[in-house]
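Tertiary structure, described
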Amino acid sequence: MYARVEGERGICELCPRRCRIAEGGRGACRTRGLVGGKVVALGYGAVTSASIDPIEKKPLYHFHPGCGILSIGTFGCNLTCKFCQNWEISQREADHDNISPEDIARTALANRGRSVGVAYTYSEPLVWYEFVLDCAKLIRQAGLVNVLVTNGQINPEPLAELLPYVDAMNIDLKAFRDEFYRKVCGGRLEPVLDTIKAAFGRCHIELTTLIIPGMNDSPEEIDELAAWICSLSPDIPLHLSRYFPNYVMDIPPTPVSTLVKCREVASRHLRFVYVGNAEIPGGNDTVCPSCGETLIERRGFLSVRVYLDGTACPKCGASIPVRRNTDLCAE
């Protein structure tokens, strides 16, 4: 548990918010509280949702394409994004079942073949830290994979402890302006960039940016965002997702033309840029950056055709940064 007690307050040190919690109170994420003078994980084992999803839904396009993954989530979040798509569970304590890590591991093993492992998703898994860590150790022992779908708001020390058990992450890079994070999400940009840098090279990573009209869609910002990602690697997949009004934000949906332009700008720096929540020809296909051959064809989440030769382009032989293991899942 990353926390300490100072006087009559518990100080949670899991994420950059470092909430100071009074006895009987909770932190901003609503999953951690001070009970009997000790900071405790109130959401441990609380599962609000569980299902086997296509891994593309996370979204992960270069990690076991065409496979399923057991996906579980809890309630709570350490951000307050005004456009949250899952606010029913992220911004309040939703109905849940209490499930043990051993039960999760047994379910994952029982579904081997249909699922490559476990994704911690739906709401923010990092506020579920102790439960995720305990599950991840068991899943790794079982020879399956662990996936985090996260906002990246975590302090370096707990992230360093968790990373050895994580196989893949999709990290929300919600904008490339700190002002956006502060005003729209109730957080900061720098911790997200630090998380991306820490995870890069330690596990497979893909990034997602929800494009919101007039807020984070300028060509200048997208260019800076993509250039920063490229400074780590031009092979990191970036998912540019179409915004729709939700929670307390009523800005009209992102025009498809804006997504097309943002993709064009990001593609100046990155080899794999995808479009989500919109039908754009080829917007979700993986194409060989060397010869232009279509390598993975996607029509929604349930229709995925993989034409790779192992992890190479069958036409020109170029190596493609895709992780596959047919022992875990038959595509």
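Before reading further, recall that the structure is shown in the block above.
Everything in this summary refers to the structure shown in the same document. (Residues numbered from 1 in each chain as written. Predicted model: local features only at pLDDT ≥ 70, side-chain atom pairs only at ≥ 80, totals over all residues. Heavy atoms only, no water.)

**Points about the sheet that holds strand β3 (residues 20-22)**
Formally: For two strands to be treated as a pair, DSSP must find at least two bridges joining them. Runs of H or I in DSSP of at least four residues are treated as helices and runs of E of at least two as strands, each being numbered from the N terminus. The axes used here are C-alpha line fits, helices contributing only the stretch in contact, and every angle between their N-to-C directions lies in the interval 0 to 180 degrees.
Strand order in the open sheet made by the 3 strands is β1-β2-β3, with antiparallel pairing throughout. Two strands in the sheet have a free side with no partner beyond their single neighbour: β1 (3-6) and β3. Geometrically, the sheet is characterised by an average inter-axis angle of 30 degrees between neighbouring strands, direction not taken into account.

**Observations regarding the layout of surface pockets**
This is how it is decided: Think of a 1 Å grid over the protein atoms and nothing else: a 1.4 Å probe that fits but is trapped marks a cavity, an open set flanked by protein within 12 Å on at least five of seven lines marks a pocket, and residues with an atom within 4 Å of a point count as lining. Grid points are joined across faces, edges and corners, and a volume is the space filled by probe spheres set on the points. Polar here means any residue other than Ala, Val, Leu, Ile, Met, Phe, Trp, Tyr, Cys and Pro, which are nonpolar, and Asp, Glu, Lys and Arg, which are charged; Gly is therefore polar.
Empty space within the largest pocket amounts to approximately 1,100 Å³. The wall of the largest pocket is formed by 39 residues, among which K58, P59, Q85, N86 and D172 lie closest to the centre. Contributing elements (two or more residues each) for the lining of the largest pocket: β11 (145-150), β12 (168-172), β13 (204-211), β14 (238-242) and β15 (273-276). Its residues assigned to classes, the lining of the largest pocket shows 13 nonpolar, 17 polar and 9 charged.

**Re empty space enclosed by the protein**
Throughout the structure, instances matching the rule amount to 2 cavities of 30 Å³ or more. A volume near 100 Å³ is recorded for the largest cavity. In terms of lining, the largest cavity is formed by 14 residues, of which the most central are C12, C15, C19, C29 and R32. The volume enclosed by the second largest cavity comes to roughly 40 Å³. Every residue lining the second largest cavity is listed: T31, R32, A41, L42, G43, Y44, V127, W128, Y129, E130 and F131. Element by element, the count of residues in the lining of the second largest cavity is highest for helix α3 (residues 129-141), at 3 residues. Across the lining of the second largest cavity, the residue classes break down as 7 nonpolar, 2 polar and 2 charged.

**Description of helix α2 (residues 101-110)**
Basically, it comes down to this: Think of it in three bands: residues with accessible area under 20% of the maximum for their type are buried, residues over 50% are exposed, and the middle band is partly exposed, with areas taken using a 1.4 Å probe on protein chains only. Throughout, the arc means that of the directions going from the helix axis to the C-beta atoms. Throughout, a residue-residue contact means that at least one pair of heavy atoms, one from each residue, lies within 4.5 Å.
Those residues of α2 that sit buried are P101, I104, A105 and A108. Along the axis of α2, the buried residues cluster in a sector spanning 95 degrees; they form a single face. For α2, the exposed residues lying more than 90 degrees away from the buried face are R106 and A110. Where α2 is buried, its residues meet β8 (68-73), β10 (117-120) and α3.

**Looking at the sheet that holds strand β7 (residues 49-54)**
Taken in spatial order, the 8 strands make up an open sheet running β7-β8-β10-β11-β12-β13-β14-β15, and their pairing is mixed. Across the chains shown, the open sheet's two edge strands, defined by having one partner strand only, are β7 and β15. Each adjacent strand pair in this sheet contributes to an overall mean axis angle of 20 degrees, direction not counted. Across 3 bridges, β8 lies against β10 in parallel orientation. Its bridge partner being in β10, S71 is matched across the sheet by A119. Across the face of the sheet, α2 comes into contact with β8 and β10 while running at roughly 160 degrees to β8.

**Considerations on the pairing of strand β5 (residues 38-41)**
With 4 bridges joining them, strand β4 (residues 32-35) and β5 adopt antiparallel strand pairing. Note that in β5 the partner of G33 across the bridge is V40. Between β4 and β5, which pair antiparallel and follow one another directly, the connecting turn spans 2 residues, one of which, G36, has a positive phi of 60 degrees.

**Concerning the pattern of salt bridges**
Which entries qualify depends on this criterion: A pair is scored as a salt bridge if a Lys or Arg side-chain nitrogen falls within 4 Å of a carboxyl oxygen belonging to Asp or Glu.
Per the counting criterion, the structure on display carries 16 salt bridges. A salt bridge links D194 to K197; the shortest N-O distance between them is 3.7 Å. On the criterion of helical spacing, the pair formed by D194 and K197 is a turn pair, its members being 3 residues apart in helix α6 (residues 190-199). With relative accessibility at 35%, the residue D194 sits in the partly exposed group. Where salt bridges share partners, they join R4, E6, E13 and R20 into one cluster.

**Focus on the packing of α2 against α3**
Two numbers describe a pair of packed helices, the interaxial angle and the distance between the axes. Here is the rule: An angle below 35 degrees is read as roughly parallel, one above 145 as roughly antiparallel, one from 65 to 115 as roughly perpendicular, and any other as oblique. By definition, any crossing whose near helix is turned counterclockwise from its far helix by less than a right angle is left-handed, and any crossing with a clockwise turn is right-handed.
Where α2 meets α3, the closest approach of the two axes is 9 Å, and the angle between their N-to-C directions is 40 degrees. In terms of their interaxial angle, α2 and α3 are classed as oblique. In this structure, the crossing between α2 and α3 has a hand that is right-handed. Where α2 abuts α3, its residues P101, E102, I104, A105 and A108 lie against F131, D134, C135, L138 and I139. For the contact of α2 with α3, the residue count by class is 8 nonpolar, no polar and 2 charged.

**A closer look at the nonpolar core**
In plain terms, the rule: The criterion is simple. A nonpolar core is a set of buried Ala, Val, Leu, Ile, Met, Phe, Trp, Tyr and Cys residues joined through side-chain atoms within 4.5 Å.
Counting residues in hydrophobic clusters, the biggest one holds 86 residues, and the most contacted among them are I72, F83, Y120, M169, L173 and I229. Top element by residues in this core is α3. It accounts for 7 residues. For I229, the residues in contact, after removing those within four places along its chain, are L173, L207, I236, L238 and L270. Listed in part, the 11 residues of the second largest apolar core include F272, L295, I296 and I320.

All we've got here are geometric facts, nothing functional implied.
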